Amino acid sequence: MFARHEHNQAFMESGGEVHSHPRSCTYKYQRAVGGYPDGINRLVESMPGEDDLPPGAVAIKKRSRVPGVMITQYVENLPPGKTTPDFTRKPTATTTQEGKKAFFKAVVTGEPAPTITWARNKGETSDPEKYKTRYDEKTGEYILEGLFSAVRLTAAGHRVACRARAFNSVLNVTVYQADTYKCFATNPFGRAVSTATLNVIEVGFKKKKPGAPQNDPEDFRKMLKKTVIVKKRKEKPKKEGEIDPKFWEVLLSAQKKDYERICREFGVTNYRWMLKKLNSMKKEQEEEQAKVIENVENLKQIEVKTSGKAEFEIDMKVKDPNSKIFLYKDGEMLDYGDGTDKSSKHNMKKAGDKYTFSVNNVGPEDAGLYQVDVDDVNIFSTGLEIPDVEFDGMLKDAKVVEGQNATFECVLSGPVPKITWCANDASVEPGDKYDITVSEDMLTHRLVVKNCQPGDKGIYTAIAGIKLSKASLNVKDDPNARGKGQSGADDANSLAEEQARLQKERDEAARRGQAKKDAALDGGSGLRDGFGGDGINGDRSGQTGIGRDKMGRDGLGKEGAGDGSGRDGLGKEGAGDGSGRDGLGKDSLGKGGSGLDRSGITGLGRDGSGSDGTGKGGLAANGSGKDGLGGDGRGEAGTSGDGSGGDGTGDAKHKKHIRDGPLVPDTITEPGVHFLSGLSDSTANIGESAELTCKLSSKDCVGIWYKDGKKLESKDGITIVKDGATHRLIIKNCKEENTGTYKFEADGRKSEAMLRIEDPPKINADALGKFSEPIIVKAGENAIFKLPFSGKEPMKVQWFKDEDELLHGPNAKIESSSTHSRLFLTKCQRKDTGEVKIKIKNEFATIEATSKLIVLDKPAPPQGPVEVVESSLSAIEFKWRPPKDDGGCPVTNYYLERQQLGRNTWIKIGDIPGQPTYRDTDIDRGRKYSYRIRAKNSEGISDMMETDDIAAGTLAFPGQPACPKVVSAFKDCINLSWLTPSNTGGGSIIGYNVEKRKKGSNLWSQVNPPDEPIREKRYAVRDVMEGGEYEFRVVAINTCGPGEPSGPSDCVFARDPQKPPGKVKDLKVTDSSYTTLCLAWTKPKAVNGEEDEAKGYFVEIRPTDQLEWSRCNASAVVQTSFTVVGLKALAAYWVRVIATNEGGEGLPRGFDKYVIAMPPPVKPKFTDRKMKSFMVVKAGNTVRVNIRFEASPLPDITWLKDGVPVAKHVTMTNSEKGSQLLIPSSEHSDTGIYTIIVKNMVGQDTFNVEIRVTDEPMPPGPVQLEQNVEGTVTLMWTPSPDEKRDDRLHYMVLKRDSVKRTWRTAADNLFNHKFTAVNIMQGREYNFRVFAKNDMGLSEPSESPAWGTIKKKGKFVVNLPEPKILDFRSAPKFTVPLKLHAAPKGYECYMSCAVSGDPTPHVTWYRNNVSLNTNTNYYITNTCGVCSMVILMVGPKDTGEYRVVAENPLGKAECSTQLTVRE
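Everything numeric here is computed off the predicted structure, so don't read it as measured data.

Sorry if this is basic, but what is going on with the overall build of the chain here?
Looking only at helices and strands, the chain features 7 helices and 103 strands. For the chain, the residues scored as buried account for 44% of the 1463 residues in total. Contacts in the chain between residues at least 24 apart in sequence constitute 60% of all its contacts with a sequence separation of at least 6. Accessible area of the chain: about 78100 Å², with a carbon and sulfur share of 49%.

Structure representation (structure tokens):
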């Protein structure tokens, strides 16, 4: 069992005050420990509080960036570089088992370093047996075992913020330590507090410890039975007009379509103000988010899925991949997994830039506000609401014909504004396909699937909280399409059955709802007068009845069974006229339909089976007839009267699917008078006019108006107007007594509406204009704002200054009455200048008025830095910046004083005009001076600003000006301009000299007269010759003399301006790549008098998705080619070239089509001739295959293993010119043929690499020897264990005899386990070794036992035969023929045979009668008559007949076999 303690409830019991906030909690507490030591944690025995503030401190509440943290600032303005404490990671709630370890962690910041303290609500933390402290030298952490585990304070360099990490652990916890723990971070400038709850699971029963105190009052609860009653803390009611901060958190991440719903849930009505503030908050949020993410999009709100888990998604690109992503719920940080562990409650999956957060096994405790933060920045917020409701009416399976609409409806036990609908586990939204409606009482929810098609079949689910209701939809094919002669009888029957089913469900829901109310009643079935006020069968069957507004507004009946079973209960006029206005319907089954607020706004019908349909719009958008089920209805006043409907089955709001043709036969009779449009509720202000209007189906019918049951006539400001079938009631100059229920009755038909007269706050226009005028006062004076108003009481008046509400205090006094309000601000200061606003609100509306307060005061000091304009031999000139605040009125003068360096006296210069500049001519050469400057306005003089020392000038010449620029050139004049040199030599520039020279000459001549320096920074040189090319330079002159000349200008011809050149010719692309584009063109020809010669060229590009051209070269290029760089791969660009000369730029020349940044098309081909087609790798080693190719455009690269995609553990790395296959740790299963396919739009190419992963083979088993034929020995051995997994493993046999004593190969490439050795001589001892052999090499040998023969001794007899001449020649003969072979694809195939003959025959191999002896793909040998052929990599093309032909002069022999290649 859990020993839980609600920390808020416990804190309230201890005298604290709690303020709710979705992301922060504010606590007013009592601090018991004074002082602010740095770095060391202290045990505290009582809660810190607001009452023990430092002397002269204030209590300014601030909101932390971390949810659930409250900051109190002690000073109004923080010193530079100082900060209040704050939590960057707050302690989180912990649940642990009794006897195990629990700990809390917190990370804090602040400058100076904050002091961290801990406390708990109930009990002390000073027990040395439970709480011990120690210091960890390795980590630099102060550790308090028990309540605290570690505190670490670190400072990074000279940063102003310190970070402290605090660990709080409870070792061997007991149920009595379950409590609310608080962490406090304090420094001299403020305090931050965060709370965390420790829940302890009790295990079994514990015996009482010996020696435990028996009469400790604090532990009295330990003596009680361990039954924990968790009390729910009542929410503190918000002040009127206060908005829950959760509203903004949800709104910032919501879509625009949900704004209205969210505002309605939180009671916000001022949409214009809401949108204005929301836009401001979004800008701030985007600025914060831009620090950690590049973009965020596709925000999907959290919703519960059919699988029982809740999910929400966001797409965001994080700037720093190492950024941490945090998930919070109601301000508490959550630990989440990656989705692989099914037991994890919260998970996050990442696919590219898409993040999916999920909550498994959703329960009521999972409701709350979920927030996603990247580092310390909030990115997304979404609220999960889990209403505590059940399904009173479940979904029913639906069967419809193709093209018809299908309706699913469910009834909940409690009101829910919106539920989730799913089609085949995919959520649906209202649109062209689906229509989702909710009744006014928010109990009945309906989903309409429009124009059903076979693809709409499936399971449809309604999700309300964590409750599900499912039903299936079956769509049948329509054998007879509409419009081909089929009558509407079948449709009418289907609709009637659907209506009957829906009505039955509503009746059942109403019955269950009534049963719940009856069970809750005191004294049976009547609250006031029993079952009825005047009896069951009297004139009325109950004045008050059973309830109000559920089964009836005034009970089961207001006018008894005689006139009906209830006016506003089960029927408007009883059973004869209907069955309920506000219960099951507005006008029930008869005159009034079957449900206003229970089954929909108007139930099955307003005047039958549907004026407004079964929801707000009935069973169909326009119904299936004008007045009910079809035609004009079947009854007027009941289900079997003149019609079953008055106004159709839907209203204009839901007319989305209009059915053509009648649904019932045309024999239905015309109904009587009915309402085409009834009365609707209306609102009017006092003094205005109000109008109620209804329209009948007949122009001749006359009706009667009633107000609260009293007949009305045209008098006393009331006018009754009849305009044909339209009837209007007009009330002029509305008063409060005009509020009431108005009814219009005609020919037995009735329509009611409520008129509400409101009296919102109003402000007289003259008073508003006077209030809007600014109030101007001097510093220290008082300001008074007064505004009269009118409106219905009670009214709430609020005053604001710069959007902050003003409360009654020492400097602000507010006086309000029912007719006016006054704001009195005392001792106004300059900082009080700003906007003053009054907000007046009553139950009807809210109005605002704005004014402005201007406080006049002396100006602020002038601002630096001081800029020295001139420091010459004759004068010092400097300037400064005006004051930041002019005190509310303009600065008229500046007051200056001067001090010479080395003297103690300040000389008064006096006032100068209001320009922030001064020129001092009374100076001595080489001296330094300091100045004091004060600003003056009509209110006084500011504090002073003192300048640095400024030195009077010495002999210093100006520096070089910049090179002069040629503005324009003509045959008799060249215009120049230049800039002032950056170094003026400490004095002002008094003029310039301009010099010229012809190109190629070294002689410069002055243009202007020697004694007439040029004052301006431009000059027209007229001393030029037509056609000459000149350069110019400028010399600056100050009071000391001329300085160094500038660099020469560009060369310019003295001739009239040229005309722009023409278009370039033959523009073409010579080469291209993914990032570059090489262009070439031909120089345009000059046309005399129209186009001059081109001197350079500009290249411009424009992406196809943009409109702006960008220039690739800043200065014109002379050559007729250019390479454009920095392009995006495969991007499309428009390209053009512009010729230019001194006369300007010509017309551009571009391509007719856009150019794509890509190399010329190249068919894929492999470029590495040394690529290996066969690799042998030892198991466990890395396999790396590098393939080089060239292709354009970039190809698609595919790797296959034995024709199928490679396994997941194989890594492929592709680049522009190659691809690499990597197997980090190879296994035997990686053996196979790997194929790379390189394909692009031009073609494709493939390459195969056989990779064999093997290992050194294990040796074969014991070797046995036996002799079957004399002179031979047969070896038999057990196969190697590796033979089963290596089909290329074979055996090799070595032989050694006692005479030669060397090992020789007796046989190789043996694929069986038997070998017969020949030429075994008697008298010799033989030893054999058998090796297992594969691609990696040989195994250890298996030794055979020694084999020896005993030579038999006999009598030696020599019989010399007669010599004969022998002929050893013989025709070829195959002693060992070829065998049939079946080899796997990609492996080697070995064929061998033996042939004899003398002389040695010539052997030729054939495949399908084609000689193979010269084919390099086959390895053919003939050793001592043993003919062999090896095919290295067998493929399907190698299948066929193989033939060996042996020839010599004596004859010819042939042998053949068949090769089959296995796939």
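On we go.
I keep staring at the environment of lysine 1239 and nothing clicks. Help me out?
Relative to the elements of secondary structure, lysine 1239 occurs in strand β84 (residues 1232-1239). With relative accessibility at 46%, the residue lysine 1239 sits in the partly exposed group. C-alpha of lysine 1239 to C-alpha of alanine 1191: the two residues are 48 residues apart in sequence and 8.4 Å apart in space. In contact with lysine 1239, other than residues within four places in its own chain, are Pro1164, Pro1195, Asp1196 and Gln1244.

Help me out: how do you make sense of a nonpolar patch on the surface in this one?
A contiguous nonpolar surface patch, about 280 Å² in accessible area, is contributed by Leu1130, Tyr1154 and Ile1156. Topologically, isoleucine 1156 is positioned in strand β76 (residues 1155-1156).

I'm lost on the confidence of the model for the chain in this one. Help?
Residues at a pLDDT of 70 or more form 76% of the chain, whose mean pLDDT is 77. Below pLDDT 50 for its whole length, residues 520-670 participates in 429 contacts with residues either more than four positions away or in separate chains.

Can you help me understand the pattern of salt bridges in this one?
Opposite charge on two side chains permits them to pair, given that their charged atoms come into close proximity. Throughout the structure, instances matching the rule amount to 55 salt bridges. Among the salt bridges present, the one from glutamate 294 reaches lysine 317, with a minimum N-O distance of 3.7 Å. In this pair, glutamate 294 is assigned in strand β17 (residues 293-304) and lysine 317 in strand β18 (residues 310-318), connecting sequence segments 23 residues apart. We classify lysine 317 as partly exposed; its relative accessible area is 38%. For lysine 433, the salt bridge goes to aspartate 456, with nearest N and O atoms at 2.6 Å. Of this pair, lysine 433 sits in the loop between β29 (426-427) and β30 (434-438) while aspartate 456 sits in the loop between β31 (444-449) and β32 (458-464), placing them 23 residues apart in sequence. For lysine 433, a relative accessible area of 26% translates into the label partly exposed. Look at aspartate 456 and you get buried, because its relative accessible area is 12%. Linked by salt bridges that have partners in common, Glu1250, Arg1252, Asp1286, Asp1287, Arg1288, Asp1335 and Glu1388 make up one network.

It is not clear to me how helix α3 (residues 259-266) should be interpreted in this structure. Could you clarify?
Since the α-helix turns once every 3.6 residues, residues separated by three or four places project in the same direction. Tyr259, Ile262 and Cys263 are the residues of α3 that are buried. Here the buried residues of α3 occupy an arc of 100° about the axis, which is enough to place them on one side. Those residues of α3 that are exposed and aimed more than 90 degrees away from the buried face are Glu260 and Arg264. Glycine 267, located one to two residues past α3, shows a positive phi value of around 75°.

Would you mind showing me how to read the pairing of strand β26 (residues 398-401) here?
Of the two faces of β26, the one lined by Ala398 and Val400 is fully buried and the one lined by Lys399 and Val401 carries no buried residue. Relative to strand β33 (residues 467-476), β26 runs parallel, the two sharing 4 bridges. Across the sheet, lysine 399 pairs through a bridge with asparagine 474, a residue of β33.

When you look at the nonpolar core in this model, what are you seeing that I'm missing?
Nonpolar side chains tend to gather and get buried jointly when the protein is soluble and globular. With 27 residues, the main nonpolar core has Phe312, Met316, Ile325, Tyr355, Phe357, Val374 and Leu384 as its most contacted residues. Those elements giving two or more residues to this core turn out to be β17, β18, β19 (325-329), β22 (354-359), β23 (368-374) and β24 (377-384). In terms of residue count, the dominant contributor to this core is β18 (5 residues). Beyond its immediate chain neighbours, meaning those up to four positions away, valine 374 contacts Val292, Ile293, Met316, Val318, Ser323, Lys324, Ile325 and Ile379.

Mind showing me how you'd approach the sheet that holds strand β86 (residues 1263-1266) here?
What holds strands together in a sheet is hydrogen bonding between their backbones, with the strands either parallel or antiparallel. The strand order across the open sheet built from 3 strands is β86-β87-β90, with neighbouring strands paired in antiparallel fashion. The outermost strands of the open sheet, each flanked by one partner alone, are β86 and β90 (1314-1317). Across the sheet, the axes of successive neighbouring strands diverge by a mean angle of 25°, strand direction being ignored. Where strand β87 (residues 1273-1277) and β90 come together, 4 bridges link them in antiparallel fashion. In the sheet register, leucine 1275 faces β90, and the bridge partner there is phenylalanine 1315.

Any chance you could explain the environment of histidine 1313 here in plain terms?
When you line up the elements, histidine 1313 lands in the loop between β89 (1304-1310) and β90. Excluding residues within four positions of it along the chain, histidine 1313 makes contact with Leu1275, Met1276, Trp1277, Pro1279, Glu1283 and Tyr1291. Side chain to side chain, histidine 1313 and glutamate 1283 meet in a polar contact 2.9 Å long.

What's the story with unusual backbone geometry in this structure? I'm lost.
Excluding glycine, residues mostly carry a negative phi; peptide bonds, for their part, are mostly trans. The residue after glutamate 793, namely proline 794, is reached through a cis peptide bond having omega 0°. Tracing the backbone through its elements, the reader meets proline 794 in the loop between β44 (783-788) and β45 (796-801). Omega for the peptide link from glycine 864 to proline 865 comes to 0°, which places this bond in the cis form. Summarising the element assignment, proline 865 is placed in strand β51 (residues 863-871). The phi torsion at asparagine 1408 lies on the positive side, around 55°, for a residue other than glycine. You can see asparagine 1408 is positioned in the loop between β98 (1402-1407) and β99 (1410-1411).

Is there a simple way to explain helix α4 (residues 271-289) in this structure?
A rise of 1.5 Å per residue sets the reference length of α4, with its 19 residues, at 27 Å; its end C-alpha atoms lie 26 Å apart and thus fit the reference within 8%. Those residues of α4 not exposed but buried are Met274, Leu278, Gln285 and Gln289. Down the axis of α4, the buried set is contained in an arc of 35°. They therefore lie on one face. Exposed positions of α4 whose direction lies more than 90 degrees from the buried face are Arg272, Lys276, Lys283, Glu284 and Glu287. Residues of α4 that are buried sit in contact with α2 (246-252), α3, β17 and β24.

Whenever I open this one, the state of the cysteines confuses me. Can you help?
When the sulfur atoms of two cysteines share a covalent bond, that bond is a disulfide. The full count for this structure, using the stated rule, is 0 disulfides. The thiol of cysteine 1427 is unpaired, and the distance to the nearest cysteine sulfur, on cysteine 1393, comes to 4.7 Å. Under the relative-accessibility criterion, cysteine 1427 is labelled buried at 0%.

Before we go on, may I ask you to explain the sheet that holds strand β35 (residues 682-685) in this structure?
The mixed open sheet is built from 5 strands, whose spatial order is β35-β42-β41-β37-β38. Whereas interior strands pair on both sides, the edge strands pair on one side only; in this sheet they are β35 and β38 (710-711). Sheet topology places strand β37 (residues 704-707) next to strand β41 (residues 740-746); 4 bridges connect them, and they run antiparallel. Residue isoleucine 704 lies in a different strand from β41, and its bridge partner there is glutamate 745.

Quick notes on the rules
Residues numbered from 1 in each chain as written. Predicted model: local features only at pLDDT ≥ 70, side-chain atom pairs only at ≥ 80, totals over all residues. Heavy atoms only, no water. Helix = DSSP H or I, 4+ residues; strand = E, 2+ residues; numbered from the N terminus. Buried < 20%, exposed > 50% of the residue type's maximum accessible area, 1.4 Å probe, protein only. Contact = heavy atoms within 4.5 Å. Areas by Shrake-Rupley, 256 points an atom, 1.4 Å probe, with all protein chains shown as cover. Patch = residues over 30% accessible without salt bridge, like charges linked within 9 Å, V, L, I, M, F, W, Y side chains within 5 Å. Salt bridge = Lys/Arg side-chain N within 4 Å of Asp/Glu carboxyl O. pLDDT = per-residue confidence, 0-100. Arc of directions from axis to C-beta. Pairing = 2+ DSSP bridges. Core = buried A, V, L, I, M, F, W, Y, C linked by side-chain atoms within 4.5 Å. Axes fitted to C-alpha atoms, helices over the stretch in contact; angles between N-to-C directions. Polar contact = N/O pair within 3.5 Å; in protein donor to acceptor, adjacent residues only side chain to side chain. Expected span 1.5 Å × (residues − 1). Disulfide = S-S within 2.5 Å.

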